[in-house]
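Single-letter residue listing:
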Amino acid sequence: MRKELPYFEIGSSYGGCQDWFTDYWMKIGGCAAATACDSSICLARNLGYPALYPYDAGKITKEDYIRFAERMKPYLRPRAGGVDRLDLYITGFGSYLSDCGICDVRMEALEGSQPVAVAKESLTVQIDAGLPVPCLILNHVRPAIKEYEWHWFLLNGYERTGGRLMVKAVTYGEYEWLDMDELWDTGYQRRGGLILYRLAESAGNP
């Protein structure tokens, strides 16, 4: 069983790409802002929140995306140590939502210390509801996950196959299917986790 959310493309890029940023600090540390940008575009295009993307959500250009990232930067600015906690993302993106006049979208943190079974259930519920899931990975013992270390990215699909739950990880304008058990088991005591978007029942389009 596979479930994938509608997403957006910018040219040949699957979603936005952090490599496009012209600001030096955003280019090396703007992954949280990029994740919030992609989340905003998904909420604008698919769930009835046009105020979250200030340009044409039906025709997203590279130039507009870069301008949008600069607009998101003050909310989730690169910093020493990075946006390395879930609450920093919730506070920053929450302020952006508030400034856009959106009060019926909230966020909950699912810490990486939670059992993988809880993470799997939470993620599939979110995807089934049409909601992308921001994910933060800090250090990781598996070489296959090294490119996701100290990094924010989106999960926007899942597939149950052979007793495993594979998740669709989106970052740098590309996607990859990863084993959720392997992604979640970082091998370190300090971990990242997931952000769960919650919409009011009356939110979005009827």
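Here, the structure is the one placed above.
Overview of the structure. Every chain is numbered independently, its residues counted from 1 as its sequence is written. Under the rules for a predicted model, residues below a pLDDT of 70 receive no local features and side-chain atom pairs below 80 are neither given nor counted, while totals for whole chains, interfaces and linings still include all residues. Note: side-chain values were computed over all heavy atoms of the structure, leaving out hydrogens and water.

Side note on helix H4 (residues 86-99)
Compared with an ideal rise of 1.5 Å per residue, which puts 14 residues at 20 Å, H4 spans 20 Å between its outermost C-alpha atoms and is within 8% of the ideal. Type-normalised accessible area, obtained with a 1.4 Å probe on protein chains alone, sets the label of each residue: buried when under 20%, exposed when over 50%, and partly exposed for intermediate values. Labels follow the DSSP assignment, with helices taken as runs of H or I lasting at least four residues and strands as runs of E lasting at least two, numbered in each case from the N terminus. Here H4 has its buried residues at Leu86, Leu88, Tyr89, Gly92, Phe93, Tyr96 and Leu97. Within H4, the buried residues cover an arc of 160° as seen down the axis, which keeps them to one side. Along H4, the residues that are exposed and aim more than 90 degrees away from the buried face are Thr91, Ser98 and Asp99. Here the expected length of a helix is defined as 1.5 Å per residue gap, with one fewer gap than residues. Summarising the geometry, the arc corresponds to the directions from the helix axis toward the C-beta atoms.

Some remarks on the packing of aromatic side chains
When the centres of two rings from Phe, Tyr and Trp lie within 6.5 Å, Trp using its six-membered ring, the rings pair. Their planes under 30 degrees apart give stacked, over 60 give edge-to-face, and anything left gives tilted. What the rule picks out here adds up to 15 aromatic pairs. Measuring from ring centre to ring centre gives 5.5 Å for tyrosine 53 and tyrosine 55, while their planes differ by 70°; the resulting arrangement is edge-to-face. By relative accessible area, tyrosine 55 is classed as partly exposed at 29%. For the pair tyrosine 148 and phenylalanine 153, a centre-to-centre distance of 4.8 Å together with 55° between the ring planes defines the contact as tilted. No difference in accessibility class separates tyrosine 148 from phenylalanine 153, as the two residues are buried. By way of ring pairs, the aromatic residues Tyr53, Tyr55, Phe68, Tyr75, Tyr89, Phe93, Tyr96, Trp152 and Tyr197 are connected into one cluster. Any Lys NZ or Arg CZ found within 6 Å of a ring centre and within 35 degrees of that ring's normal is scored as a charge over the ring. Between the NZ or CZ atom of arginine 67 and the centre of the ring of tyrosine 55, over which it lies, the distance is 5.6 Å. When the ring centre of tyrosine 175 is taken as reference, the NZ or CZ atom of lysine 168 above it lies at 4.3 Å.

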